[in-house]
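Survey of secondary and tertiary structure
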Amino acid sequence: MNHYETVFILNPVLSEEQIKETVKKYEDLLTENGAKMVSKEDWGLKKLAYPIQHKKSGFYHLFEYTVSGETINKLEIQFRRDERVMRYLTVSLDKHAISWAERRRVKLKQKA
């Protein structure tokens, strides 16, 4: 089981309900394929560095999880097929990135 982090950007014209439905769809896809969710974050509506599909903003979401490598392929295929997802990036975390992510989560909890 490898440790991964996925950030994906959803289309800004989606309603709040559609966003929750989309995030739930991908969370369920991961858990059905044996993933253990470590963290989920909703970063909200952010301005993009450059226009994507003539849109200047998007809803950012982050998943941190552990899963086998084959599941990443299934997840990314679903991202490519879904018109609500504008961009996505999945990275494998090494031990230094995992500890940094843990420190970041603790810092966020202290702010809240």
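Quantities reported herein were computed from a predicted structural model and do not represent experimental measurements. All residue numbers here refer to positions counted from 1 along the written sequence of the relevant chain. Whole-chain, interface and lining totals are the exception, using all residues; otherwise, since this is a predicted model, local features are given only for residues with pLDDT of at least 70 and side-chain atom pairs are given and counted only at 80 or more. Side-chain numbers here rest on the full set of heavy atoms in the structure, without hydrogens or water.

1. What to know about the sheet that holds strand β2 (residues 36-52)
Strands pair, by our definition, only if DSSP identifies at least two bridges between them. Where helices and strands are cited, they refer to DSSP runs of H or I of at least four residues and of E of at least two residues respectively, numbered from the N terminus. On the basis of which strands lie adjacent, the open sheet formed by four strands has the order β2-β3-β1-β4 and antiparallel pairing. Only two strands of the sheet have a single neighbouring strand rather than two, namely β2 and β4 (85-92). Strand-to-strand twist across the sheet, computed as the mean angle between neighbouring axes with direction ignored, equals 20°. Both strand β1 (residues 2-10) and β4 contribute to a ladder of seven bridges, which runs antiparallel. Paired with Phe8 across the two strands is Tyr88, which belongs to β4. Note on definitions: a residue-residue contact is assigned when non-hydrogen atoms from the two residues lie within 4.5 Å. The angle between two axes is taken between their N-to-C directions and runs from 0 to 180 degrees, where each axis is a line fitted to C-alpha atoms and a helix contributes only its stretch in contact. Relative to β4, helix α2 (residues 69-81) is tilted by about 165°, and along the sheet it contacts β1, β3 (55-67) and β4. Across the face of the sheet, helix α3 (residues 95-111) comes into contact with β1, β2 and β3 while running at roughly 85° to β2.

2. Let's talk about the environment of Leu89
By the secondary structure assignment, Leu89 is in strand β4. Along the chain, Leu89 and Val106 lie 17 residues apart, while their C-alpha atoms are 23 Å from each other. With residues near it in sequence (within four places) discarded, Leu89 still touches Glu5, Thr6 and Val7.

3. Let's talk about the pattern of salt bridges
Definition used for salt bridges: Asp or Glu carboxyl oxygen within 4 Å of a side-chain nitrogen of Lys or Arg. Tallying each qualifying case throughout the model produces eight salt bridges. A salt bridge links Lys24 to Asp28, with the shortest nitrogen-to-oxygen separation between them at 3.0 Å. Note that Lys24 and Asp28 are positioned in helix α1 (residues 16-32) at a spacing of four residues, about one turn of the helix. Lys24 sits in the partly exposed class, given a relative accessible area of 45%. The cut-offs for exposure are 20% and 50% of the maximum accessible area for each residue type, with area from a 1.4 Å probe on protein chains only; residues under the lower value are buried, those over the upper are exposed, and the others partly exposed. Classification of Asp28 as partly exposed rests on a relative accessible area of 27%. A salt bridge links Lys25 to Asp82, with the shortest nitrogen-to-oxygen separation between them at 3.6 Å. Separated by 57 residues along the polypeptide, Lys25 in helix α1 and Asp82 in the loop between α2 and β4 bring together distant segments of the chain. Since its relative accessible area comes to 34%, Lys25 is described here as partly exposed.

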